[in-house]
Each structure stands twice: as structure tokens, then as C-alpha cells.
Amino acid sequence: MSSQPITDSWFRTRPVLWLLLTVTVPGGVYAGSRIVIGGQSPESAVPIGIVFGLVFAVTTAVLKHVLAR
């Protein structure tokens, strides 16, 4: 028994939470990897992580919309 339909429904009713998670998680992982592996300072890695997270979220939203048709 899969909980994916329940999770998908839950995120559809809370788009702000969905957007926050899809920006924060990939952006935070990207920024963290740049800091830990690349040796960058947090001041330079966090803005890049935010941009990466925003691009990831927008791309995901567009693909979900297009593929849902």
C-alpha cells in the first residue's frame, strides 16, 4: 500500500509548503555540498543554493503541470 497519493494530495492543498520544501531542500543540499566539498564560504554558497533551489522548484512545477495534462 502506497502513501504517495495521500502525500501528493496533501502537497496540492498546501502549495506554499510545497514551494518552500522544493526550494529549501535542494538548495540547502547544494549549498552545503559547496561549503563542505568545495570549501566555499557560506556567504558565496548560500545565494547560489537559493538560486539552484528556485530553478529546481520552478522546473518541477512546470513539469508537473505539463505532465498532468
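Coordinates for the structure precede this section.
Remember, predicted model here, so these are calculated numbers, not experimental data.

Enquirer: So, the packing of helix H2 (residues 15–36) against helix H3 (residues 42–67): which residues are in play, and what are the values?
Expert: Axis angle and axis distance: for two packed helices, these are the angle between their axes and the distance between the axes, and together they describe the pair. Taken N-terminus to C-terminus, the directions of H2 and H3 make an angle of 140°; their axes are 7 Å apart at the nearest point. Judged by the inter-axis angle, H2 sits oblique to H3. As H2 packs across H3, the resulting crossing turns out to be right-handed. Residues that form the contact of H2 with H3 fall into these classes: 16 nonpolar, five polar and two charged.

Enquirer: Could you give an account of the packing of aromatic side chains, naming the residues involved and the relevant values?
Expert: In total, this model carries one aromatic pair according to the counting rule given. A ring pair is formed by Tyr30 and Phe52, whose centres lie 4.8 Å apart and whose planes are at 20°; its orientation type is stacked. Remark: Phe52 occurs in helix H3 and Tyr30 occurs in helix H2; sequence separation between them is 22 residues. Its relative accessible area of 37% is what places Phe52 among the partly exposed residues.

The rules behind each value
- Residues numbered from 1 in each chain as written.
- Predicted model: local features only at pLDDT ≥ 70, side-chain atom pairs only at ≥ 80, totals over all residues.
- Heavy atoms only, no water.
- Axes fitted to C-alpha atoms, helices over the stretch in contact; angles between N-to-C directions.
- Helix = DSSP H or I, 4+ residues; strand = E, 2+ residues; numbered from the N terminus.
- Parallel < 35°, antiparallel > 145°, perpendicular 65-115°, else oblique.
- Left-handed = near helix turned anticlockwise from the far one by under 90°.
- Nonpolar A, V, L, I, M, F, W, Y, C, P; charged D, E, K, R; others polar.
- Phe/Tyr/Trp six-rings, centres within 6.5 Å; stacked < 30°, edge-to-face > 60°.
- Buried < 20%, exposed > 50% of the residue type's maximum accessible area, 1.4 Å probe, protein only.

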